[in-house]
Amino acid sequence: MDMQTSFLDRLFETGLLIDTGVDGLYGRSGQFEDVIAAFERMIDATGGGDGAEAMRFPPGMNRAFFETSGYMKSFPQLAGTVHSFCGNELDHMSLLQCMEVGDDWTKGQEATEIVLTPAACYPLYPTIAKRGRLPKGGGLFDLQSYCFRHEPSKDPARQQLFRMREYVCMGTEADVTDFRQTWMDRGVEMMKSVGLEVAIDVANDPFFGRAGKMLANNQRDQNLKFELLIPITSVSKPTACMSFNYHQDAFGAKWGIHLDDGSVAHTACVGFGLERIALALFHTHGLDVKEWPAKVRKALWG
Ligand code: ATP
Ligand code: ZN
Ligand code: MG
C-alpha cells in the first residue's frame, strides 16, 4: 500500500473525512471543520485590517459568465456543468424505463443556466464590472466558495469539491503586485505560526492540450503564478496550499473592469486551499488535535 492510500484510509478510519464511494468527494467531521474555521479566523485576523469587501457566492455560477471567462478554452477537463431533466410525462416514462434496464439515463438531461464554480473568484469579475468604474484606490474583495474540479484522485489533498478562500485585488499594476507580495509574506508567516514547513515556488495552471503547454510556459516565464507548497502526501512533490495569481490586465479587459481614471484594471488573487491546509496540519501534527503542539493550538484557538 502506498503512503497516499494509507493517509486517506487513516482519515476515513478516524472519521475526519467521510467516504462517499467517489474519489475526491468526501464528508468532513466536526473536528475537521473546526480546524478550517480556526484557520479562517486567522485569515480574518491577518487580512481584516485591509478593508476588503466580503461577498459569498454559492458553489454554482451563471453559465453565461462561465462561457465569457474562457474556462472551456483553458481547462475543459476540469469543468462541471449542471444538467436537469426538462421533459414531459412521456419523456419521464422513457427516463424511468432507461434507468430500469440500466441504460444511460443521463443522456436526455439538458444543460441548465448553472455551472459549478471552478474558483472562488470567478463570479466576482462580472459582478464588479456591472457596477461601473471602480472607486479611487481600486477594489479589494474577500471570497470563499466550494469549488468543483473534475480531477478524481486517491490523494486526499486533491478533491473534486473543496473550499477556496480568496482575496482579490483590482487596481494598478503596482497596487496588485504589492498586494500579491504582501500575501506571499503573510502566507509564509501564517503557516510558520501553525508549525508548517513551507516553500514558495513559481507555478503554472494545467492548461489543456498542446497549445496549453505554451500558455503554461508563458505563465511561468512571466512569474504570473506562485504557490506556497507544504509536504502532505509526498515530500518530493509538496502540495500547493496557497496560490498567488497575477492576471495582468487580462481579466480587466475581458470583463470591462475599469479604474476611476478609465484605464483597464489589473487584477490579482490569492487563494487558500482550506482542505489542503487542514490536511497539512493533520499530516504534520497528527490526526488527534488534542496532541498537537501547544504553540499550534494556541495560534489556532487562542
Ligand atoms: P494543483 O497544482 O495542486 O492542481 P492548482 O494550481 O490547480 O493546484 P489553483 O487553481 O491555484 O490550484 O487553486 C487555488 C488553491 O485551491 C490551491 O492553491 C489549492 O490550495 C486549492 N486546490 C486546488 N485544486 C484543489 C483540489 N483538487 N483539491 C483541494 N484543493 C485544491
Ligand atoms: Zn482567483
Ligand atoms: Mg490543479
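Everything below is about the structure printed above this text.
What this report covers is the structure whose coordinates are included nearby. In this text, all values refer to a predicted model and were calculated from it rather than measured experimentally.

Description of the coordination of the zinc ion (ligand 2)
Reasoning step 1: The zinc ion (ligand 2) binds to the protein through Cys121 (SG), Glu166 (OE) and Cys269 (SG); the donor distances cover 2.2 to 2.4 Å.
Reasoning step 2: Motif for the zinc ion (ligand 2), donor spacing along one chain: C-x44-E-x102-C. Highlighted residues: Glu166 in strand S8 (residues 161–171) and Cys269 in strand S12 (residues 266–273), separated in sequence by 103 residues.

What about the packing of helix H2 (residues 30–47) against helix H11 (residues 294–301)?
Reasoning step 1: In contact at an axis separation of 8 Å, H2 and H11 are set at 70° when each is read in the N-to-C sense. For the element pair H2 / H11, the angle class is roughly perpendicular. Of the residues in H11, those touching H2 at Asp34, Val35, Ala38, Phe39, Arg41 and Met42 are Ala299, Leu300 and Trp301.
Reasoning step 2: In terms of residue class, the contact of H2 with H11 is made up of seven nonpolar, no polar and two charged.

Quick notes on the pairing of strand S10 (residues 225–230)
Reasoning step 1: Of all six residues in S10, six are buried, a share of seventy percent or more.
Reasoning step 2: The pairing of S10 with strand S11 (residues 239–246) spans six bridges and is classified as antiparallel. Residue pairing for S11: Glu227 is matched across the bridge by Ser243.

Section: the pattern of salt bridges
Reasoning step 1: In total, this model carries 15 salt bridges according to the counting rule given.
Reasoning step 2: Arg28 is the salt-bridge partner of Glu275, the closest N and O atoms lying 3.1 Å from each other. Placement of the pair is Glu275 in helix H10 (residues 274–285) and Arg28 in strand S2 (residues 25–28), with a sequence separation of 247 residues.
Reasoning step 3: Owing to a relative accessible area of 14%, Arg28 belongs among the buried residues under this scheme.
Reasoning step 4: Across the pair Glu275 and Arg163 runs a salt bridge whose closest N-O atoms are separated by 2.9 Å. Within this pair, whereas Glu275 is found in helix H10, its partner Arg163 is found in strand S8, the two being separated by 112 residues in sequence.
Reasoning step 5: Relative accessible area serves as the criterion here: at 7%, Arg163 is assigned to the buried category.
Reasoning step 6: One connected set of salt bridges, linked through shared partners, spans Glu40, Asp44, Arg56, Asp142 and Arg165.

A word on the site of ligand 1
Reasoning step 1: What surrounds ligand 1 is a group of 15 residues, the closest being Arg149, Glu151, Arg158, Lys225 and Ser243.
Reasoning step 2: Here Arg149 contributes a side-chain N or O atom positioned 2.8 Å from an oxygen atom of ligand 1.
Reasoning step 3: Taking Ala157, its main chain carries an N or O atom lying 3.3 Å from a nitrogen atom of ligand 1.
Reasoning step 4: Contact with the protein chains hides 89% of the accessible area of ligand 1, taken as 580 Å² for the molecule alone.
Reasoning step 5: When the residues that make up the shell around ligand 1 are grouped by side-chain class, the tally is six nonpolar, three polar and six charged.

What counts and what doesn't
Residues numbered from 1 in each chain as written. Chains lettered and ligands numbered in written order. Predicted model: local features only at pLDDT ≥ 70, side-chain atom pairs only at ≥ 80, totals over all residues. Heavy atoms only, no water. Donors = N, O, S within 2.8 Å, 3.2 Å for Na, K, Ca; no water. Helix = DSSP H or I, 4+ residues; strand = E, 2+ residues; numbered from the N terminus. Axes fitted to C-alpha atoms, helices over the stretch in contact; angles between N-to-C directions. Parallel < 35°, antiparallel > 145°, perpendicular 65-115°, else oblique. Contact = heavy atoms within 4.5 Å. Nonpolar A, V, L, I, M, F, W, Y, C, P; charged D, E, K, R; others polar. Buried < 20%, exposed > 50% of the residue type's maximum accessible area, 1.4 Å probe, protein only. Pairing = 2+ DSSP bridges. Salt bridge = Lys/Arg side-chain N within 4 Å of Asp/Glu carboxyl O. Near = heavy atom within 4 Å. Polar contact = N/O pair within 3.5 Å; in protein donor to acceptor, adjacent residues only side chain to side chain. Areas by Shrake-Rupley, 256 points an atom, 1.4 Å probe, with all protein chains shown as cover.

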